[in-house]
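# A structural walkthrough
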Number of protein chains: 4
Amino acid sequence: MPLKLYSREYSKEDTTIRIGNFAVGGGAKAIIAGPCAVENSELMFTLAPLLKDMGVHALRGGAYKPRTSPYSFQGLGLEGLQILYQAGQRVGLPVVTELLDVRDFDQVYQYADIIQIGSRNMQNFSLLREVGRADKPVLLKRGLAATIEEWLLAAEYILSEGNRQVILCERGIRTFENYTRNTLDIAAVAAVKHLSHLPVIVDPSHATGRSELVVPVSKGAMAAGADGLIVEVHTNPQQALSDGVQSLCPEELAQLIKDVQAIINCQSPVVGGQ
Amino acid sequence: MPLKLYSREYSKEDTTIRIGNFAVGGGAKAIIAGPCAVENSELMFTLAPLLKDMGVHALRGGAYKPRTSPYSFQGLGLEGLQILYQAGQRVGLPVVTELLDVRDFDQVYQYADIIQIGSRNMQNFSLLREVGRADKPVLLKRGLAATIEEWLLAAEYILSEGNRQVILCERGIRTFENYTRNTLDIAAVAAVKHLSHLPVIVDPSHATGRSELVVPVSKGAMAAGADGLIVEVHTNPQQALSDGVQSLCPEELAQLIKDVQAIINCQSPVVGGQ
Amino acid sequence: MPLKLYSREYSKEDTTIRIGNFAVGGGAKAIIAGPCAVENSELMFTLAPLLKDMGVHALRGGAYKPRTSPYSFQGLGLEGLQILYQAGQRVGLPVVTELLDVRDFDQVYQYADIIQIGSRNMQNFSLLREVGRADKPVLLKRGLAATIEEWLLAAEYILSEGNRQVILCERGIRTFENYTRNTLDIAAVAAVKHLSHLPVIVDPSHATGRSELVVPVSKGAMAAGADGLIVEVHTNPQQALSDGVQSLCPEELAQLIKDVQAIINCQSPVVGGQ
Amino acid sequence: MPLKLYSREYSKEDTTIRIGNFAVGGGAKAIIAGPCAVENSELMFTLAPLLKDMGVHALRGGAYKPRTSPYSFQGLGLEGLQILYQAGQRVGLPVVTELLDVRDFDQVYQYADIIQIGSRNMQNFSLLREVGRADKPVLLKRGLAATIEEWLLAAEYILSEGNRQVILCERGIRTFENYTRNTLDIAAVAAVKHLSHLPVIVDPSHATGRSELVVPVSKGAMAAGADGLIVEVHTNPQQALSDGVQSLCPEELAQLIKDVQAIINCQSPVVGGQ
């Protein structure tokens, strides 16, 4: 059995991934934020400078949206990619967006700084292999019923194709509890830090599905050792085309960043974004 | 909100899907069997006539295998498709195989009579849309953490593209119980018959992961109203390249078919394979 | 490690438990039915003869009800026990009722023919030990998050105190699926028959929480090898004080018994109630 | 519908519970520690002064142990209670121990400062009512498959009997993930603070089942707003009669307390134990 590339045995030292002028992993902490979907240019052009000012390191937004029903809004596609890219360019923020289909790889590669593989595709092995041959960082979300081992082996599909820039993302698992949208598995964050050298961030928005829980859970995740957060934010959560109930408004995100920064500072002097 | 195409409201009458000289749904019951993976031509050429003789309606076998680890056997690919096709042709059995990647669609379409979408891809919406434009039946497995509603909406992605030949397949969901590989959700079979006109079959092999439970669970599924079964069988389960522990040997499958036939007969006079 | 008393290694032969003039286990199949709660004497005195006539073997009804909220109807207590007992006596049916508190043991023992331990108390070890010292059969429901092994070890608490008359009852486990109240684990029935000599019955009412699913799931359970059923029935399900939505009306139960009898007949000549 | 006594609507202000010279809730943070079981007096008399010195606020230890198998060590009973009490008395620490059986109430009441209701008994309503009539604080652990609402309603059983001193304890829920013993539901901690005025603490030992995860998870829990921790510690974890693999040694606990104190300090000036 070859030594797994994701494992602590393979690399004792934490992997640090640099994107533009920030980094994640190896002590560097990163905050990614943006709306669930790129709804229109106004939303993105309004949000981007606000996020930049409050210290966000990268801008997120979905152009291709995986939706449970075929009759729900499916994202703006190429137009969404272009808006996201321009919004990032205007303020100097790298951008993260999800790739759903191997045939869209070139398009997404052209506009994204970090390519996201969503929960539903965590075991879409063709897609994993495709981004495994890319030279851009991949944000790999945990599948909603994936064990920690399956998640790390999904990362191995990417690593084994040559791309060593994998950022893991815990976003909650599906359990019997339905007060929250999913159940954030905070011990999985600690377990991944133990088992792997890869950075792991947390998505408190999908994990909880409730904006009032996003702040406490984010603080908990950072104190437990997460290397960063990816948070949903919207200028008008009530009118978001998707996931409004779990989105923060910009003021709430600014406060979250301050709270999280306090947690980071009391633990370690190393902070991302340098 | 448009009336969902999968729903009982859309069609009160059960959908019957005909494949070669058998049918599934609307009272017709079907048994699909074969090894987990098409390992080599000898296995398939030995099994096919045995299965035909015992009354199996279609032959299954994976050419592209979705495996948790990138270092596990990944299937024979095109060669596997060709062997499966030939094995079916020799004895006059239609064949079922899994499609993993939209780029393999033409190949799989050429050799398969029924195209399987596996659990891990139940919400791979690109793949669903692709088979939604095909004129061959699709076997849609339930995702291991998918709700009944999400499963039916995944079927809707196929139906809404124009392909109305969708066979649903319950194959166990992931729960805390780990004596069995998954937990067969038998009530989901009854619920689907209530909510939808589509046929629904059961995979007792992946559901239980234990050959000794395959027979009782198969009988239970048919008595609860399933329209058929898809069962793993191998000439030498101990030496199977994957899933040996849950595979029946041919003699066990022959007995299962007799047992299941008795259940079917005591319930309804309509039997598949006519 | 002593050989577990519940195990097949301890006794190859199935345990048959006789209650009045019926039996369960070792080929004998039993149907227990009644309302969730003993609401009043009219309900019980009306139902009992109907159930007797349609071939039910024992009458169920809760006098002490474990309710999630302290403000819900908690059962009639001693009065409920007496009504249940009288209803059974009038028509010659043994009765089953739940024991919640060790201090109520003498009362429940006096009026019940079978003592039920509910799901919430499956690991109430004091209660298990108490009924383990009784000379009446115990119906042990599986806890809603109990593994098969934990369930069998709960039975071991009873057996090891000397009471060998334990009837296991699968009533659904808690999973992410919430279309149904719980998820009936039909493979657990088959697994228990494999691992243990004890009889195992199924509660399709609590397992599904939906009356329209009770019949198909009951047929499935019996075909998979269950030794019996415990079903909720009410003269007026819409007005039941608890669990109305999952209760059958008497006519539906009569049909269920016929359907289940057909399944039993096509499998084995041995039928309970002799 | 009466206003629930546990609810924020009933009391906007956090409930603070005082035990001896420490407090929990309303900004006061508490750390409870001790071995899983009171194994013998040497263990307890050795541990107690060590824990006192490192700033632990209360001593835990089980005298009556709820064990999955009837053949496992079941605790020392009354002798265990007395040893625990004496160990606490010697160093001036209040003690916490579990009550399993209503008939042991007087004994446990005599020796314990806080009465624990374990996960398996979260819906043992007789036991809840019994401690609801006591004038000592109750530590109510969440059931391993209990929803947040069921957990709060279990607290309501205690509150509605008159005892308003309920400390909730999140100790992990049962999910499909089995790398950890349970899955710590950190969002439940934040949700409880939102829905209720009662204090809520976290048990990182049972939640994770792995000593190497106890520290990061404890930090996460406190940062997310938990009012305290209950941690397993043993002088020789490898030789513990139960739960050794999840127990810290005293040095590890001392470090945990320092780490947790840093988290608390950077958030709020109020600290328990005053």
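Values in this document were obtained by computation on a predicted structure and should not be read as measured data.

### Let's talk about the overall build of chain A
Of regular secondary structure, chain A possesses 9 helices and 10 strands. Across its three principal directions, the C-alpha atoms of chain A cover 50 × 45 × 40 Å. Taking the contacts inside chain A whose residues are at least 6 apart along the sequence as the reference set, 69% of them involve residues at least 24 apart. Distance between charge centres in chain A, computed from 25 positive and 29 negative side chains, equals 2 Å.

### Focus on the environment of Pro250 of chain A
Residues and elements named next belong to chain A. When you line up the elements, Pro250 lands in helix H9 (residues 250-265). On the basis of relative accessible area, Pro250 is assigned to the buried category, the value being 9%. With 13 residues separating them in the primary sequence, Pro250 and Pro237 have C-alpha atoms 9.8 Å apart.

### As for the relation of the copies chain D and chain A
Turning chain D through 180° and shifting it by 0.0 Å along the axis lays it on chain A, with an RMSD of 0.0 Å. The transformation just described matches what one would write down for a two-fold rotation axis. The C-alpha atom lying nearest the rotation axis in chain D is that of Gly220 of chain D; the distance is 1.9 Å. Mapped onto chain A, 100% of the interface residues of chain D again fall at the interface, so both copies present the same surface.

### Quick look at the interface of chain C and chain A
The partner chain A presents 4 residues to the 4 residues of chain C that form the contact. For the pair chain C and chain A, the two sides together bury roughly 300 Å², of which 67% comes from carbon and sulfur. Linking chain C with chain A are 0 salt bridges, by the criterion used here. Taken together, chain C and chain A are joined by 0 residue pairs in polar contact (both at pLDDT 80 or more).

### Let's talk about the interface of chain D and chain A
Interface extent is often summarised as the accessible area lost during association of the parts. Taken together, the 35 residues of chain D in the interface contact 35 residues of chain A. Between chain D and chain A, a total of about 2700 Å² is buried, with carbon and sulfur atoms accounting for 75% of that surface. Here chain D is connected to chain A by 2 salt bridges. Here Arg142 of chain A makes a salt bridge to Glu177 of chain D, at a shortest N to O gap of 2.8 Å. In this structure, the connection of chain D to chain A is made through 4 residue pairs in polar contact (both at pLDDT 80 or more). Secondary-structure elements contributing two or more residues to the side of chain D that touches chain A are helix H6 (186-195), helix H8 (211-223) and helix H9 (250-265) of chain D.

### Things to note about the relation of the copies chain C and chain A
Laying chain C over chain A is done by rotating through 180° and shifting 0.0 Å along the axis; what remains is an RMSD of 0.0 Å. Looking at the interface residues of chain C, 100% of them are also at the interface in chain A, so both copies use one shared face.

### As for the packing of helix H4 (residues 125-132) of chain C against helix H5 (residues 148-159) of chain C
Residues and elements named next belong to chain C. Between H4 and H5, the shortest axis-to-axis distance is 7 Å and the interhelical angle comes to 45°. One element, H4, and the other, H5, form an angle in the oblique class. Residues Phe125, Leu128, Arg129, Val131 and Gly132 of H4 form the contact with H5, whose participating residues are Ala154, Tyr157 and Ile158. Along the lines of polarity and charge, the residues of the contact of H4 with H5 split into 6 nonpolar, 1 polar and 1 charged.

### Some thoughts on the confidence of the model for chain A
Residue and element names in this part refer to chain A. When pLDDT is averaged along chain A, the result is 95; 97% of the residues meet or exceed 70. Confidence over residues 269-274 falls short of pLDDT 50; this stretch has 21 contacts with residues more than four positions distant or in other chains. Scored by ipTM, the complex comes to 0.95, with pTM at 0.96.

### Quick notes on the state of the cysteines
Structurally, a disulfide amounts to a covalent bond that connects the sulfur atoms of two cysteines. By the definition in use, this model includes 0 disulfides over all chains. For Cys169 of chain A, which is in no disulfide, the shortest distance to another cysteine sulfur is to Cys36 of chain A and amounts to 13 Å.

### A look at the pairing of strand S8 (residues 166-170) of chain D
Residues and elements named next belong to chain D. Counting buried residues in S8 gives 5 out of 5 residues, a clear majority hidden from the surface. Direction of pairing for strand S7 (residues 138-141) relative to S8: parallel, over a ladder of 4 bridges. Paired with Val138 across the bridge in S8 is Val166. As a crossover connection, the stretch from S7 through helix H5 (residues 148-159) into S8 is right-handed. With H6 bridging S8 and the parallel strand S9 (residues 200-202), this β-α-β connection has right-handed handedness.

### Thoughts on the packing of aromatic side chains
This structure, assessed with the given rule, holds 12 aromatic pairs over all chains. For the pair Phe125 of chain D and Tyr157 of chain D, a centre-to-centre distance of 4.3 Å together with 25° between the ring planes defines the contact as stacked. Taken as a pair, Phe125 of chain D in helix H4 (residues 125-132) and Tyr157 of chain D in helix H5 lie far apart in primary sequence, 32 residues in all. Considered together, Phe125 of chain D and Tyr157 of chain D belong to a single accessibility category, that of buried residues. Between the NZ or CZ atom of Arg210 of chain A and the centre of the ring of Tyr179 of chain A, over which it lies, the distance is 3.7 Å. Here the basic side chain of Lys136 of chain D rests over the ring of Tyr109 of chain D, its NZ or CZ set 4.4 Å away from the ring centre.

### Notes on the pattern of salt bridges
Under the definition given, this model contains 56 salt bridges over all chains. We note a salt bridge from Glu130 of chain B to Arg103 of chain A, for which the minimum N-O separation is 2.9 Å. With Glu130 of chain B in helix H4 (residues 125-132) and Arg103 of chain A in the loop between strand S5 (95-98) and helix H3 (105-111), this pair bridges two chains. If you follow the salt bridges from partner to partner, you end up with Asp101 and Arg103 of chain A together with Arg129, Glu130, Arg133 and Glu161 of chain B in one network.

### Describing helix H1 (residues 41-53) of chain B
Residue and element names in this part refer to chain B. Here H1 is 13 residues long and its end C-alpha atoms lie 19 Å apart, about the 18 Å a rise of 1.5 Å per residue gives. All buried positions along H1 are accounted for by Leu43, Met44, Leu47, Ala48 and Leu51. Those residues of H1 that are buried lie in contact with strand S3 (30-34), strand S4 (58-60), helix H2 (78-91) and helix H9 (250-265). Put simply, Asn40 is the residue that caps the front of H1, since its side-chain oxygen is 3.2 Å from the backbone nitrogen of Glu42.

Rules used throughout
- Each chain has its residues counted from 1, following the order in which its sequence is written.
- Each chain gets a letter, beginning with A, and each ligand a number, beginning with 1, in the order they are written.
- The predicted nature of this model means local features are confined to residues of pLDDT at least 70 and side-chain atom pairs, given and counted, to a pLDDT of 80 or more, with totals for whole chains, interfaces and linings taken over all residues.
- Here the side-chain values reflect all heavy atoms present in the structure, with hydrogen atoms and water set aside.
- Put simply, DSSP marks the helices as runs of H or I at least four residues long and the strands as runs of E at least two long, and each gets a number from the N terminus on.
- Contact criterion: two residues are considered in contact whenever any of their non-hydrogen atoms come within 4.5 Å of each other.
- Working convention for charge: Lys and Arg count positive, Asp and Glu count negative, and His plus the chain ends are omitted.
- A charged residue contributes its charge at one atom only: NZ of Lys, CZ of Arg, CG of Asp or CD of Glu.
- Throughout this description, buried means an accessible area under 20% of the type-specific maximum (1.4 Å probe, protein chains only), exposed means over 50%, and partly exposed covers the range between.
- The copies were overlaid with a least-squares fit restricted to C-alpha atoms from residues scoring a pLDDT of at least 70 in each copy.
- Put simply, buried area is the surface a 1.4 Å probe can reach on two separate parts but cannot reach once they are joined, added for both.
- Any carboxyl oxygen of Asp or Glu that lies within 4 Å of a side-chain nitrogen of Lys or Arg is treated as forming a salt bridge with it.
- In protein, a polar contact means a hydrogen-donor-capable atom and an acceptor-capable atom, both N or O and within 3.5 Å, with residues adjacent in sequence counting only if both atoms are side-chain atoms; elsewhere, any N or O pair within 3.5 Å suffices.
- Angles shown run from 0 to 180 degrees and are taken between the N-to-C directions of axes, each axis being a line fitted to C-alpha atoms and, for helices, limited to the stretch in contact.
- For classification purposes, angles smaller than 35 degrees are called roughly parallel, those larger than 145 roughly antiparallel, those between 65 and 115 roughly perpendicular, and all remaining angles oblique.
- Under this grouping Gly is polar, as are all residues other than the nonpolar Ala, Val, Leu, Ile, Met, Phe, Trp, Tyr, Cys and Pro and the charged Asp, Glu, Lys and Arg.
- Per-residue confidence from the prediction method is given by pLDDT, with values spanning 0 to 100.
- We call a pair of cysteine sulfur atoms a disulfide whenever their separation is within 2.5 Å.
- Strands are treated as partners if at least two bridges between them are detected by DSSP.
- Look down the strands so they point away from you; if the path from the first strand over the helix to the second goes clockwise, the crossover is right-handed.
- The pairing test for Phe, Tyr and Trp rings, Trp by its six-membered ring, is centres within 6.5 Å, and the orientation test on the planes gives stacked under 30 degrees, edge-to-face over 60, and tilted for anything in between.
- By the criterion adopted, a ring carries a charge over it if an Arg CZ or a Lys NZ lies within 6 Å of its centre and within 35 degrees of its normal.
- Helix span, as expected, comes to 1.5 Å for every residue beyond the first.

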